[in-house]
Structures are given as C-alpha cells and as structure tokens.
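Chains, contacts and geometry: an overview
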Amino acid sequence: MKKADLIRINNEKRKAEPGLQKDTHGIVLKVFAQTADVLFFHPKILGEYIIRELEQSDLIVESEKLPEEIEKEIFSDLEKVYANAKADFDPLPFSMGDRVQLIVERECYAKYGIHKDAIGCIVDDSVVSGKVEVDFYEPEEAAAYDSAVAVKTSDLRIV
C-alpha cells in the first residue's frame, strides 16, 4: 500500500462509524507501519471529507488509479488537506421527499416565479455548493417550469 492508492474498506466492524461501512472507497494519504491515513469524501455533501487512520489489514487496494491531476492537487499541499478535513461527516440537512418552505425572498428564485413562503419537495438531498434540488409545486406559476430549482439549504425550512 502506498500514498495515492484508491482503497475500499473490507471489514464489517467499520459499520459502527457512519459513512464508513464495508466497501466505502477512499484515498490513501499517508502510510505507516500497520496503519494508513485515508481520506473519505462525504457521499452526499460535495467537497466535505474526513480523514481516518485505519488498519491496513482492513483495506483493499483497488486496481484503478487516481487521475494524475487530482493526485497533484491533493498532495501539493497535504497540510491544507488535513487542516480542512471535518472531524465527522455533517448530517444531511434534508432528506428526499421532505416538504419544505422557502423562508426568504430572492431574485434568483423570483425569476422562476418562486417567492417567499412557497412550498416544495426535496427531490435530491445531495448538497452541492450549499444547495439542494427542490421541486416547488406552489405557487401555480412555479409549477409551470416543471423542474427542480437549486436552493440554498439556509433558505429552507421543513414544514
């Protein structure tokens, strides 16, 4: 095992830690005698990651290789990568199917006919740039677009 290897967890005991079940994939950052520091990306919040020191015996090296440009980006400032790692994965702010209400008035929503107090449904709970996809079915003019809109998670509340 060496740095930049792509790995997957091969140990059922990892189920105790959310997000790190068997077959979760990661990137080896540092290798020690019996352990390795592994970076794991949040499966639903783009850009969020954690680093865990795991027993090498719990890991399987994948045959795929990390693309060279991504390897350069990660390892060019490894101290920064460690500094920006979360202690634990953040919970998702919403789940698919949650009924939500827009709690602000913003031009970026108004151009689609969506205004403060509009009611919608979370159609994708993945968080990208702090936003989730919401299908607004109220008011009537918003429904005319028949598509979801990316909305800041801080602009919504569950109803």
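Below is a summary of the structure that appears in this document. Just so we're clear, the structure is a prediction, and the values are computed from it rather than from any experiment.

**A few points about the pairing of strand β9 (residues 149-152)**
Every second residue of β9 is oriented toward a common face, the buried set being V149 and V151 and the non-buried set A150 and K152. Note: strand β8 (residues 131-136) against β9, four bridges, orientation antiparallel. Its bridge partner being in β9, K131 is matched across the sheet by K152.

**Quick look at the packing of aromatic side chains**
Per the counting criterion, the structure on display carries one aromatic pair. Look at F41 and Y49: their rings are 6.1 Å apart centre to centre, the planes differ by 70 degrees, and that puts the pair in the edge-to-face class. Judged by its relative accessible area of 11%, Y49 falls in the buried class.

**Some words on a nonpolar patch on the surface**
Taken together, the side chains of M1, V31 and V61 define a hydrophobic patch exposed on the protein surface, amounting to about 200 Å² of accessible area. Among the residues examined, V31 registers a relative accessible area of 34% and is labelled partly exposed.

**Focus on the nonpolar core**
Counting residues in hydrophobic clusters, the biggest one holds 15 residues, and the most contacted among them are V134, F136, V151 and L156. The set of elements that each furnish at least two residues to this core consists of β6 (99-102), β7 (119-128), β8 and β9. Element by element, the count of residues in this core is highest for β8, at three residues. Counting residues in each nonpolar core, the second largest holds twelve residues, with I27, L29, L66 and V81 among its members.

**Structural notes on the pattern of salt bridges**
Across all of its chains, the model carries nine salt bridges by this definition. Between K2 and D5 there is a salt bridge, and its shortest N-O distance comes to 3.2 Å. The salt bridge partner of D90 is K86, with a shortest N-O separation of 2.7 Å. Judged by its relative accessible area of 32%, D90 falls in the partly exposed class. The exposure class assigned to K86 is partly exposed, which follows from its relative accessible area of 34%.

**With respect to unusual backbone geometry**
You will see that A4, though not glycine, has its phi angle at about 80 degrees, which is positive. By secondary structure assignment, the location of A4 is in the segment before β1 (5-9). Using a relative accessible area of 8% as the deciding quantity, one classes A4 as buried. Unusually for a residue other than glycine, D117 sits at a positive phi of about 80 degrees. Within the element layout of this structure, D117 appears in the loop between α3 (107-110) and β7. On the basis of relative accessibility, which here comes to 45%, the residue D117 falls in the partly exposed class.

Each value, and the rule that gives it
Residues numbered from 1 in each chain as written. Predicted model: local features only at pLDDT ≥ 70, side-chain atom pairs only at ≥ 80, totals over all residues. Heavy atoms only, no water. Buried < 20%, exposed > 50% of the residue type's maximum accessible area, 1.4 Å probe, protein only. Helix = DSSP H or I, 4+ residues; strand = E, 2+ residues; numbered from the N terminus. Pairing = 2+ DSSP bridges. Phe/Tyr/Trp six-rings, centres within 6.5 Å; stacked < 30°, edge-to-face > 60°. Patch = residues over 30% accessible without salt bridge, like charges linked within 9 Å, V, L, I, M, F, W, Y side chains within 5 Å. Areas by Shrake-Rupley, 256 points an atom, 1.4 Å probe, with all protein chains shown as cover. Salt bridge = Lys/Arg side-chain N within 4 Å of Asp/Glu carboxyl O. Core = buried A, V, L, I, M, F, W, Y, C linked by side-chain atoms within 4.5 Å.

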